[in-house]
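Structural overview for review
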Amino acid sequence: MKKAIIQERSQHTDGASRPPVGVEVANLSKNFGVQRVLKDISLTVKPGEIFTIMGPSGSGKSVLLRQIAGLDQPTRGTVRVQGFDPADPDTRDRFALALVFQAGALFNSISVYENLALYPLEHRLCSRKEIRERVMRALKILSLENAAKKFPSELSGGMKKRVAIARALLME
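Notes on the structure in this doc start here. Treat the numbers as computed from the prediction; the structure is a model and nothing was measured. (Residues numbered from 1 in each chain as written. Predicted model: local features only at pLDDT ≥ 70, side-chain atom pairs only at ≥ 80, totals over all residues. Heavy atoms only, no water.)

So, about the overall build of the protein chain. Each helix and strand counted, the protein chain has five helices and five strands in total. Helices (α) and strands (β) of the protein chain occur, in sequence order from the N terminus, as β-β-β-α-β-α-β-α-α-α. When burial is assessed residue by residue, the protein chain has 35% of its 172 residues classed as buried. Across the protein chain, the fraction of contacts at a sequence separation of at least 24, relative to all contacts at a separation of at least 6, is 60%. (Helix = DSSP H or I, 4+ residues; strand = E, 2+ residues; numbered from the N terminus. Buried < 20%, exposed > 50% of the residue type's maximum accessible area, 1.4 Å probe, protein only. Contact = heavy atoms within 4.5 Å.)

Rendered as structure tokens:
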């Protein structure tokens, strides 16, 4: 199962929450050559609604998420994030999108805290103090505050998944 978090970007750096946004997919089809992966998919996700995409391996879940994220163009149909085309660069600048993939993609050589703080530190999104507060708040939300100093190899599969979700929540 893959999860996506899409929120409107905010100019605020005070940690204030951003409003969730809606997603509309209408008659979406995606072909790769003669291989049809998605056929006439339509769905609506209301702002703040929790929505899960489930299906067997190879059924097109990742392809659908790539369409919603604007990373790939549909063969037919439309995708809208709060009414905007996600493939448009202006839309990408307006909304924050974070994907959590099955494997979690954590760096095994650094602690959970360092995994979460890496992106905001590298991109100097805010002060070290604020990054620490945000990381610890995300860990607390996901009941992982005692795992901050652990390495991914010391975590269960479910804990690794929650760390990856925490990282997605921290993305700006």
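In this section: the sheet that holds strand E4 (residues 76-81). With antiparallel pairing, three strands are arranged side by side in an open sheet as E3-E2-E4. The sheet is open, and its two edges are formed by strand E3 (35-45) and E4, each paired on a single side. Averaged over all adjacent pairs, the angle separating strand axes in this sheet is 20°, with direction ignored. Alignment of strand E2 (residues 23-32) against E3, held across seven bridges, turns out to be antiparallel. Bridging across to E3, Glu-24 finds its partner in Thr-44. (Pairing = 2+ DSSP bridges. Axes fitted to C-alpha atoms, helices over the stretch in contact; angles between N-to-C directions.)

Another aspect to go through is helix H5 (residues 157-170). Taking 1.5 Å per residue, 14 residues should reach 20 Å; H5 reaches 20 Å between its end C-alpha atoms and fits that length. Those residues of H5 that sit buried are Val-163, Ala-164, Ile-165, Ala-166, Arg-167, Ala-168 and Leu-170. (Expected span 1.5 Å × (residues − 1).)

So, about the pairing of E2. Adjacent in sequence and paired antiparallel, E2 and E3 are bridged by two residues, among which Gly-33 carries a positive phi angle near 65°. Both E2 and E4 contribute to a ladder of five bridges, which runs antiparallel. Across the sheet, the residue bridging to Glu-24 is Arg-80, located in E4.

All right, on to the nonpolar core then. Counting 23 residues, the largest nonpolar core has Leu-116, Val-135, Leu-139 and Val-163 as its most contacted members. Elements represented by at least two residues in this core include exactly strand E5 (95-100), helix H3 (112-122), helix H4 (128-141) and H5. No other element matches H5, which puts six residues into this core. Contact partners of Leu-139, with chain neighbours within four places excluded, come to Val-112, Leu-116, Leu-144, Glu-145 and Ala-148. Core analysis: the second largest hydrophobic core is formed by 15 residues, Val-21, Leu-38, Ile-68 and Phe-95 among them. (Core = buried A, V, L, I, M, F, W, Y, C linked by side-chain atoms within 4.5 Å.)

With respect to the helices and strands, Gln-67 occurs in helix H1 (residues 61-68). Classification of Gln-67 as buried rests on a relative accessible area of 2%. Setting aside its immediate chain neighbours within four residues, Gln-67 contacts Leu-28, Lys-30, Leu-38, Asp-72, Gln-73, Pro-74, Val-79 and Pro-86.

Right, let's talk about the packing of H3 against H5 for a bit. Two quantities define a packed helix pair, namely the angle between the helix axes and the distance between the axes. Orientation of H3 relative to H5, taken along the N-to-C sense of each, is 25°, at an axis distance of 9 Å. Considering the angle they form, H3 stands roughly parallel to H5. Two packed elements cross with a definite hand, and for H3 against H5 that hand is right-handed. For the pair formed by H3 and H5, the contact residues are Val-112, Asn-115 and Leu-116 on the first element and Val-163, Ala-166, Arg-167 and Leu-170 on the second. (Parallel < 35°, antiparallel > 145°, perpendicular 65-115°, else oblique. Left-handed = near helix turned anticlockwise from the far one by under 90°.)

The end-to-end C-alpha separation of H4 is 20 Å, in line with the 20 Å expected for 14 residues at 1.5 Å each. Where H4 is concerned, the buried positions are Glu-130, Ile-131, Arg-134, Val-135, Ala-138 and Leu-139. Where H4 is buried, its residues contact H3 and H5. Following H4 by one or two positions, Ser-143 has its phi on the positive side, about 55°.

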